[in-house]
Amino acid sequence: MNSVLERADLATLWLLGNPVSHSLSPLIQNRALQQLGSKAVYLAARVEEENFESVVRALPKLGAVGANVTVPHKERAFRVCDRVSDRAQAMGAVNTLLFRGQEIYGDNTDGAGWWRSLGQRCFERAVVIGAGGAARAVCYTLLTQGVSRLALLNRTLSRAEALRSELSSATPDGGRIEVFSLDRFPELLQSNTLVVQTTSVGLEGDLSPVPLPESLPTGVLLSELIYARTTALMACFQELGGEVQDGLGMLCAQGAESLALWLGLEFEEIPLQMMLEVARERVLGARDV
Ligand code: ATR
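Chains are numbered independently. Their residues run from 1 in the order of the written sequence. Per-residue local features of the predicted model are confined to residues with pLDDT of at least 70, and side-chain atom pairs are confined, for both listing and counting, to 80 or more; whole-chain, interface and lining totals are unaffected and use all residues. With hydrogens and water set aside, each side-chain value is computed from the structure's full complement of heavy atoms.

Draft legend 1. Local environment of the nonpolar core. To define a nonpolar core, start from buried Ala, Val, Leu, Ile, Met, Phe, Trp, Tyr and Cys residues and group those joined through side-chain atoms within 4.5 Å. A simple rule labels every residue: compare its accessible area, found with a 1.4 Å probe on the protein chains alone, to the largest value its type can have, and call it buried under 20%, exposed over 50%, or partly exposed in between. Core analysis: the largest hydrophobic core is formed by 29 residues, its most contacted members being Trp-114, Val-128, Leu-142, Leu-150 and Leu-194. Under the DSSP-based scheme used, a helix requires at least four consecutive residues in state H or I and a strand at least two consecutive residues in state E, with every element numbered from the N terminus. Elements represented by at least two residues in this core include exactly α5 (86-91), α6 (110-117), β7 (125-129), α7 (133-144), β8 (149-153), α8 (157-170), β9 (177-180) and β10 (193-197). Counting residues per element, this core draws most heavily on α7, at seven residues. Contacts are assigned to residue pairs that have any heavy atoms within 4.5 Å of one another. If sequence neighbours within four positions are ignored, Leu-194 has contacts with Trp-114, Leu-118, Phe-123, Arg-125, Ala-126, Val-127, Leu-142, Leu-221 and Ser-223.

Draft legend 2. Representation of the site of the ligand. Note on definitions. A residue lies near a molecule or strand when any single heavy atom of the residue is within 4 Å of it. Taken together, 13 residues lie near the ligand, and Ala-131, Asn-154, Arg-155, Thr-156 and Arg-159 sit nearest. Polar contact is the term for a pair of N or O atoms within 3.5 Å; when the atoms are in protein, one must be able to donate a hydrogen and the other to accept it, and sequence-neighboring residues count only if both atoms are side-chain atoms. Here an oxygen atom of the ligand and a backbone polar atom of Ala-134 are 3.0 Å apart. Here Thr-156 contributes a side-chain N or O atom positioned 2.5 Å from an oxygen atom of the ligand. Considering the ligand on its own, with 650 Å² of exposed area, one finds that the protein chains cover 66% of that surface. Charged means Asp, Glu, Lys or Arg here, nonpolar means Ala, Val, Leu, Ile, Met, Phe, Trp, Tyr, Cys or Pro, and polar covers whatever is left, Gly included. For the shell around the ligand, the residue count by class is four nonpolar, seven polar and two charged. Here the open area of atoms and residues is found with the Shrake-Rupley method and a 1.4 Å probe, where only the protein chains shown may cover a residue.

Draft legend 3. The arrangement of α8 in detail. Expected span of a helix: the number of residues minus one, times 1.5 Å. Here α8 contains 14 residues, and its C-alpha end-to-end distance of 20 Å stays within 8% of the 20 Å for a straight helix at 1.5 Å per residue. When α8 is considered as a whole, its buried residues turn out to be Ala-160, Leu-163 and Leu-167. Down the axis of α8, the buried set is contained in an arc of 60°. They therefore lie on one face. Of the exposed residues in α8, the ones pointing more than 90 degrees away from its buried face are Ser-158 and Ser-169. Directions pointing from the helix axis toward each C-beta atom define the arc.

Draft legend 4. Structural detail: the pairing of strand β3 (residues 66-69). The alternating pattern of β3 places Gly-66 and Asn-68 on one face and Ala-67 and Val-69 on the opposite face, and all of these are buried. Bridge analysis of strand β1 (residues 11-17) against β3 gives four bridges, and the strand direction is parallel. Note on β3: the bridge partner recorded for Leu-13 is Gly-66. Pairing between two strands is assigned when DSSP locates at least 2 bridges connecting them.

Have a look at this one:
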């Protein structure tokens, strides 16, 4: 890494968010850049809301190649772009910026990264908990991947209804979404169901956003977007013999998708496995402290 920093022809990639100090992206992206022999370096910057647009516009003037955008700036990034990908358009949010000459191009790799982290497996039905930005990326991806039935559960029903109607205009099959309150969760668990937990409940403490089920049918997979800990919902599914994946796979795969875009590489050329290993090591190390 030091030898890269000593270069005078360094290319920069950025993470823009607030906060960013906890982020694993600098670790996984710099390791990948190093392995690829790139002369680029990835840096994180905490950016206040009112400075976001001027920071983005300054980066290409400094020779930056691109940036990742995280909470709370993804919708703001969407508005700054001159052009966006179809998937970013459908999500109304951008997590990846690419500076192409005068143009600011925006993409959203969250949904595709999440789908890759599941091994692009097919499920007959999906139950998505939450109706915020992460749920939007997940639902859009599920619909475009042909999941035939999607139950959307949220504390605020009007927000889930709004997401359903947005997605019905953005995807050909948006009408397959049904909206439910959180307490309906146990009865919606049928065989061959993918459950996706997208809310922030579970980041701390032992709370679950939904009532915990007493048993699980076969072929249920819980995809929990939280990654730094075992949530109450994850622990319950593990105890009941369900398959569980945390959000680390999504974090790494969306980052790998962004890296492929910036470097003009195929996704398969990005060392995703190595990124996952260093991220897992860091998370487990932090838990031991
Ligand atoms: P993100 O972009 O990470 O998805 P967000 O847009 O703020 O974040 O959405 C947060 C989600 O977590 C929402 O679905 C929110 O439910 P509401 O729409 O009812 O606010 C959900 N959420 C947050 N705190 C919650 C809580 N204590 N119980 C249940 N749901 C909660």
